[in-house]
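# Fold and geometry: a report
Now for the letters of each chain:
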Amino acid sequence: MDAMGTTGHRRGYSDRYLFAAQNTQEKVSPIEFTYEKENDDGSIDYIPTSSRWSYAIPFEIIYLTPLTSWNPYGIQYFDKDEYDDSKTGGCTKANAYSGWTEKAAYFTPSEFFQGLTQASAGDTVTDNTCALGDDGEAYSVFASGHWINFPDIGGNVGIVRQRYPIFPIHSGGSNVFKEIKALQSMVLPHDYDDPNVYPDGFFGDDRDKIYGFEVNLQGGGHQHVVYIQGYKVRNRWYDNDGNALMNEDAVVEVEGDTRENHQHVIEVWRDLDDDNTWQYHIKRCRYGSISDAHKYSDDDWIDGECSDFHNQVNR
């Protein structure tokens with residue numbers, strides 16, 4: 001029985017992952033059929049019926065959180081026509097955002113991420129964007145919309161993913177698919193894809209040399225996803241003997257996706273920390289894409305960060 005109280009009705013294809021909504025829109029092609037109704041005297045009436053249905057196939061799951069409404073600093077909301085977009089989001093009263101609006105929703109306290117306080121956040125990614133609270137003071141804040149991966153959450157929570165794409169698996173019920181999944185459960189640990197357990201991926205550096213990987217360009221209250229191609233990993237971060245190059249001269253030039261109506265090109269280098277985990281660093285950053293390099297000069301590059309305060313690359 002569906003929400004309409006109907007126990008049996010023709011509405012379209014047999015697919016349990018297909019969402020259907022009945023409507024009266026004339027542009028939607030109708031589905032027609034005739035059903036039988038048996039009367040008390042045993043006679044049967046044939047009743048024609050017609051209905052119109054719209055269909056939706058889910059492409060993504062987004063887990064909603066209170067962060068889209070949690071505003072402990074009381075940062076004021078403005079309609080887009082009233083919002084002062086001349087502010088830069090700096091951490092002085094003169095430059096801090098005067099409030100928030102749909103296209104610039106910054107009101108999540110930076111202390112929520114990485115467990116940092118105002119006093120300890122001076123040189124970190126969380127102390128880059130500020131907005132005025134209801135007391136007139138400038139507070140360090142992060143974007144309050146939906147993230148792919150949240151920045152590190154304090155209290156030993158760590159990185160939490162909020163958005164998951166749903167890929168259609170047409171062979172999900174086939175014997176081949178079942179055999180592959182059975183093999184996976186036998187040869188791989190259950191946490192092989194957990195970034196906290198394997199920050200560089202379960203298959204390590206060899207996989208990165210072939211397929212590359214994604215990192216997040218963070219800071220400035222929003223992030224960009226950056227894909228580092230496998231051939232750049234091989235050619236720029238390793239010498240001919242396969243030894244890793246770990247200095248500022250061994251950089252890869254890559255571009256991020258478009259967020260907040262812009263994108264960046266960054267030069268990235270990396271080294272290993274005491275736990276033998278790769279750490280990624282920004283050498284230079286500019287706006288634009290790799291393909292429009294002819295539009296920019298050396299003066300458009302900024303050392304160590306981007307002009308909108310991105311200053312950290314995390315995998």
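Residues numbered from 1 in each chain as written. Predicted model: local features only at pLDDT ≥ 70, side-chain atom pairs only at ≥ 80, totals over all residues. Heavy atoms only, no water.

Within the open sheet, the three strands sit side by side as 1-3-2. Their pairing is antiparallel. Lying at the two open borders of the sheet, with one neighbouring strand each, are strand 1 (19-23) and strand 2 (30-38). Averaged over all neighbouring strand pairs, the angle between strand axes comes to 50 degrees, with direction disregarded. (Pairing = 2+ DSSP bridges. Helix = DSSP H or I, 4+ residues; strand = E, 2+ residues; numbered from the N terminus. Axes fitted to C-alpha atoms, helices over the stretch in contact; angles between N-to-C directions.)

Turning to the pairing of strand 11 (residues 252-255), a few remarks are in order. As a general feature of sheets, a regular strand has side chains that alternate between the two faces. Here strand 11 shows a clear split, with Val252 and Val254 buried on one side and none of Glu253 and Glu255 buried on the other. Relative to strand 12 (residues 264-272), strand 11 is paired through four bridges, and the arrangement is antiparallel. Pairing of Glu253 across the sheet is with Glu267, part of strand 12. (Buried < 20%, exposed > 50% of the residue type's maximum accessible area, 1.4 Å probe, protein only.)

Taking 1.5 Å of rise per residue, 13 residues should cover 18 Å, and helix 1 (residues 175-187) covers 18 Å from first to last C-alpha, within 8% of that figure. Of all 13 residues that make up helix 1, zero are buried, and the element is exposed over most of its length. (Expected span 1.5 Å × (residues − 1).)

Here we take up the packing of aromatic side chains. The geometry of an aromatic ring pair is captured by the separation of the ring centres together with the interplanar angle, meaning the angle of the planes. For the coordinates displayed, the defined rule picks out 15 aromatic pairs. An angle of 55 degrees between the planes, with centres 4.8 Å apart, marks the rings of Trp100 and Phe107 as tilted. For the pair Trp100 and Phe107, one class covers both residues: buried. Chaining the aromatic ring pairs together yields one cluster made of Trp70, Phe112, Phe113, Phe142, Trp147 and Phe150. (Phe/Tyr/Trp six-rings, centres within 6.5 Å; stacked < 30°, edge-to-face > 60°.)

Ranked by internal contacts, the top residues of the largest apolar core, which has 20 residues, are Ile75, Tyr106, Phe113, Val141 and Phe150. Those elements that provide at least two residues to this core are strand 5 (106-109) and strand 7 (138-143). Apart from the residues within four sequence positions on either side, Phe150 is in contact with Thr65, Leu67, Phe113, Ile159, Val160 and Gln162. Formed by 19 residues, the second largest nonpolar core is a distinct cluster that contains Val215, Trp237, Ala250 and Ile266. (Core = buried A, V, L, I, M, F, W, Y, C linked by side-chain atoms within 4.5 Å. Contact = heavy atoms within 4.5 Å.)

Moving on to the state of the cysteines. By the definition in use, this model includes two disulfides. The disulfide partner of Cys91 is Cys130, and the S-S distance across this bridge is 2.0 Å. Classification of the bridge connecting Cys91 and Cys130 rests on its S-S torsion, roughly 80 degrees, and on that basis the disulfide is right-handed. Of this pair, Cys91 sits in the loop between strand 4 (60-62) and strand 5 while Cys130 is found in strand 6 (residues 130-132), placing the two residues 39 residues apart along the sequence. Across the disulfide from Cys285 sits Cys306; the S-S distance is 2.0 Å. Handedness here is read from the sign of the S-S torsion; for Cys285 and Cys306, about 95 degrees, the answer is right-handed. With Cys285 in strand 13 (residues 278-287) and Cys306 in the loop between strand 14 (302-303) and strand 15 (310-314), the pair connects residues that are 21 residues apart, well separated along the chain. The class for Cys285 is buried, based on a relative accessible area of 2%. Here the bonded cysteines of the protein are numbered in sequence order, and their pairing is 1-2, 3-4. (Disulfide = S-S within 2.5 Å.)

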